[in-house]
Amino acid sequence: MNAKDYFDNAAETWDSKFQNPRLLSFLEKLVPQFDLKQGQQVLDVGTGTGVLIPYLIKAVGPSGSVTAIDFSEKMVQKCKTKCAHLKNVNITVGNIEDAAFPAESFDAVICFGVFPHLENKRKALRNINRMLKPDGELVIAHALSSEELKAHHKKVSDHVAHAAMPDKAEMTQLIEQTGFVEIRIRDEPGCYLCIAHKPSKA
Ligand SMILES: C[S@@+](CC[C@H](N)C(=O)[O-])C[C@H]1O[C@@H](n2cnc3c(N)ncnc32)[C@H](O)[C@@H]1O
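Below, the structure is looked at part by part. Everything numeric in this text was worked out from a predicted model, so none of it was measured.

About the criteria used
- Residues numbered from 1 in each chain as written.
- Predicted model: local features only at pLDDT ≥ 70, side-chain atom pairs only at ≥ 80, totals over all residues.
- Heavy atoms only, no water.
- Helix = DSSP H or I, 4+ residues; strand = E, 2+ residues; numbered from the N terminus.
- Rg over C-alpha atoms; globule rule 2.2 N^0.38 Å.
- Buried < 20%, exposed > 50% of the residue type's maximum accessible area, 1.4 Å probe, protein only.
- Contact = heavy atoms within 4.5 Å.
- Areas by Shrake-Rupley, 256 points an atom, 1.4 Å probe, with all protein chains shown as cover.
- Lys, Arg positive; Asp, Glu negative; His and termini not counted.
- Charge placed at Lys NZ, Arg CZ, Asp CG, Glu CD.
- Near = heavy atom within 4 Å.
- Polar contact = N/O pair within 3.5 Å; in protein donor to acceptor, adjacent residues only side chain to side chain.
- Nonpolar A, V, L, I, M, F, W, Y, C, P; charged D, E, K, R; others polar.
- Disulfide = S-S within 2.5 Å.

1. Some points on the overall build of the chain
Moving on, step 1. The helix and strand inventory of the chain stands at 7 helices and 7 strands.
Moving on, step 2. Listing the helices and strands of the chain from first to last along the sequence gives α-α-β-α-β-α-β-β-α-β-α-α-β-β.
Moving on, step 3. Rg of the C-alpha trace for the chain: 16 Å, near the compact-globule value of 17 Å for 202 residues, within the 12% margin.
Moving on, step 4. The principal-axis extent of the C-alpha atoms belonging to the chain is close to 45 × 40 × 30 Å.
Moving on, step 5. For the chain, the proportion of its 202 residues judged to be buried stands at 50%.
Moving on, step 6. Long-range pairs, those at least 24 residues apart, make up 71% of the contacts in the chain with a sequence separation of at least 6.
Moving on, step 7. Approximately 9,900 Å² of the chain is accessible, and the part contributed by carbon and sulfur atoms is 52%.
Moving on, step 8. Positive and negative charge centroids in the chain, built from 25 and 25 side chains respectively, lie 3 Å apart.

Here is the structure:
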């Protein structure tokens, strides 16, 4: 089974397994740290069933928008059912590695709970860099530290057992080499947060 099939199969029971009060209160505190502004255009990568969308919409307000992408059709179906009432949200099926949103179309790209699962991380980061406006923000986050994540994936399923966050040095190098600056990484129990920026235009 490939990763897309795994997530298609997991979509039906995803929320009952993984959305719990701890995660929701974590997101309540996490999203303000992205420092999003009213009116911004944000991309939610690997949105799954859309757990992050209400928090992002709150941060960008009615004049902003959230675009959500996931390569699992089943996850996207669930997400669309849950988010149908939300204005300024576009949900689409696609792989972030070759998603064809126009260049410089987003103020921020958020990868919550998805980065370890990306097959070609370098290709995905290059594409994200292309889609970000100058000075745009890249966020890579998880509700677990990188060490906790390894243990979690091993426990959850053989299909995701290999999925890991690169270590700090490797991650910094990868993000630098794909065109980002001002890289900050916090990796602690209960939270992984990496924030970086596309350089502003000279
Ligand atoms: C662990 S789930 C997290 C979902 C959601 N962000 C959450 O926290 O509940 C990872 C999601 O990323 C999606 N995904 C994995 N690789 C992807 C890729 N290359 N492009 C788009 N979506 C991807 C999967 O289909 C899955 O829905």
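What follows picks up the thread again.
2. A closer look at the site of the ligand
Moving on, step 1. Around the ligand, the structure places 18 residues, and the nearest of them are G46, D70, N95, I96 and F112.
Moving on, step 2. In this structure, G46 approaches the ligand through a main-chain N or O atom, which is 2.8 Å from a nitrogen atom.
Moving on, step 3. A distance of 3.2 Å separates a nitrogen atom of the ligand from a polar backbone atom of F71.
Moving on, step 4. Within the complex, 95% of the 600 Å² of free accessible area of the ligand lies under protein.
Moving on, step 5. Class assignment of the residues belonging to the shell around the ligand gives a composition of 9 nonpolar, 8 polar and 1 charged.

3. Focus on the state of the cysteines
Moving on, step 1. Counted according to the given criterion, the structure contains 0 disulfides.
Moving on, step 2. Cysteine C79 shares no disulfide, and the gap to the nearest cysteine sulfur, in C83, comes to 4.2 Å.
Moving on, step 3. Take C79: its relative accessible area is 0%, and that puts it in the buried class.

All quantities given are derived from atomic positions and should not be read as evidence of function.
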